[in-house]
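Given next are the chains, with one letter for each unit.
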Amino acid sequence: MADDLDRLLDEVERRLCRLPGQGAAGGRQHGDGQEEEEETAKECRSAKLLMSAGSSEEDIDDIIDEICNDSSFAKTPLKLKSTSASLTPESNSVVVQTHRKRCCPVYLGGSSSPCGIGTNISKRTCDQLRCTACDFRVSLFNDYIWDQSCDYLFFRNNMPELSKLRAKMIKKKGARAYACQCSWRSIDELTDLQTDQQLRWVCGKHAE
C-alpha cells in the first residue's frame, strides 16, 4: 500500500507541475485545462482516502518519531525563560564584617585605668592582650598583685585556672595583676608596654 501511495503522489505532483507550463504555451484550450484540474482534484482526494484508510496507530507513531528526530528540531531547541528573578546565595546572604582595631601604643595600668583601644590621645589600657611567645591570651585581675614567690612553672601549670592562681594572688586596691603562661606583671599605674622589652605581649585587636 505504501508503494501505491507513493506512485499516486508522484503522479499528482507531475500533473500539478505540468499545468502552468501548458497554460503558458497555449497548447490546450480553457476547457481542457479545467478538466485537467478536476481530474487532479479527484486524484488528490483519492490519495487522502488512501492515507486515511491505511493509517494506523503505528504509522502515526512513526510520523511523530520522525518529526521529533528531525535535525531542524535538534538545532533549535525550545528555551523557557523564567519571569521570576533568579536568587543566588550571594544575593541573599548577609555578610557581616566586623572592623577591628589595635592599640597604638599599648598601655598597661592599674584597676583605676579604663580599658579600651589605647592611642596617644586616649590612653586606655588594653584588655585584649595576647602573648606571641606562649600563644596564650593575657589574663588580668583588678585589685590584685602577684606574690614575689611566683615563677615560670607556677603559671605554666596553672594558667588560666583562677582557682589555682588565687594561691599566689595578693589583694591590693588600685593594682592590676597581668599573666600569660610564661610571663606575669603587677601594675599600679599607666605604663607603656614598649618600656618593658622582656614582655612579648601584643594587642589582639578590639571590636568596634
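Conventions we followed
Residues numbered from 1 in each chain as written. Predicted model: local features only at pLDDT ≥ 70, side-chain atom pairs only at ≥ 80, totals over all residues. Heavy atoms only, no water. Salt bridge = Lys/Arg side-chain N within 4 Å of Asp/Glu carboxyl O. Buried < 20%, exposed > 50% of the residue type's maximum accessible area, 1.4 Å probe, protein only. Helix = DSSP H or I, 4+ residues; strand = E, 2+ residues; numbered from the N terminus. Core = buried A, V, L, I, M, F, W, Y, C linked by side-chain atoms within 4.5 Å. Contact = heavy atoms within 4.5 Å. Pairing = 2+ DSSP bridges. Axes fitted to C-alpha atoms, helices over the stretch in contact; angles between N-to-C directions. Phe/Tyr/Trp six-rings, centres within 6.5 Å; stacked < 30°, edge-to-face > 60°.

**Section: the pattern of salt bridges**
On inspection of all chains with the given rule, the structure shows 4 salt bridges. Between Glu161 and Lys164 there is a salt bridge, and its shortest N-O distance comes to 3.5 Å. Note on Lys164: relative accessible area 40%, which makes it partly exposed. In this structure, Asp188 engages Lys172 in a salt bridge whose closest nitrogen and oxygen atoms are separated by 3.4 Å. Taken together, the residues Asp188 in the loop between strand S6 (184–187) and strand S7 (191–192) and Lys172 in strand S5 (residues 169–179) connect sequence positions 16 residues apart.

**Focus on the nonpolar core**
Counting 15 residues, the largest nonpolar core has Val106, Leu108, Leu129, Tyr178 and Trp201 as the members making the most contacts within it. Of all the elements in the fold, those that place two or more residues in this core are strand S3 (129–131) and strand S8 (201–203). Those residues in contact with Leu108, other than ones at most four positions away along the chain, are Thr125, Leu129, Tyr178, Ile187, Glu189, Leu190, Thr191, Leu193, Leu199 and Trp201. Counting residues in hydrophobic clusters, the runner-up holds 11 residues, among them Trp146, Phe154, Ala177 and Ala179.

**Some words on the sheet that holds S5**
Strand pairing in a sheet relies on backbone hydrogen bonds, with the paired strands running either antiparallel or parallel. Across the sheet, 3 strands lie side by side as S4-S5-S6; this open sheet has antiparallel pairing. Of all strands in the sheet, those bounded by a partner on one side alone are strand S4 (139–146) and S6. Mean inter-strand twist for the sheet, computed between neighbouring axes without regard to direction, equals 35°. Strand direction decides the pairing type here: S4 and S5, joined by 7 bridges, are antiparallel. Its bridge partner lying in S5, Leu140 is registered against Tyr178.

**Considering the packing of aromatic side chains**
The full count for this structure, using the stated rule, is 5 aromatic pairs. On the basis of an interplanar angle of 80° and a centroid distance of 5.1 Å, the ring pair of Phe154 and Phe155 is categorised as edge-to-face. The exposure class of Phe154 is buried, given its relative accessible area of 10%. A relative accessible area of 0% means that Phe155 is categorised as buried. When the ring of Tyr178 is compared with that of Trp201, the centres are 6.2 Å apart and the planes differ by 40°; the resulting orientation is tilted. Of this pair, Tyr178 sits in strand S5 while Trp201 sits in strand S8, and the two are 23 residues apart along the sequence. With respect to class, Tyr178 is no different from Trp201; both count as buried. Among the aromatic residues, those joined into a ring-pair cluster are Phe141, Trp146, Phe154, Phe155 and Trp184.

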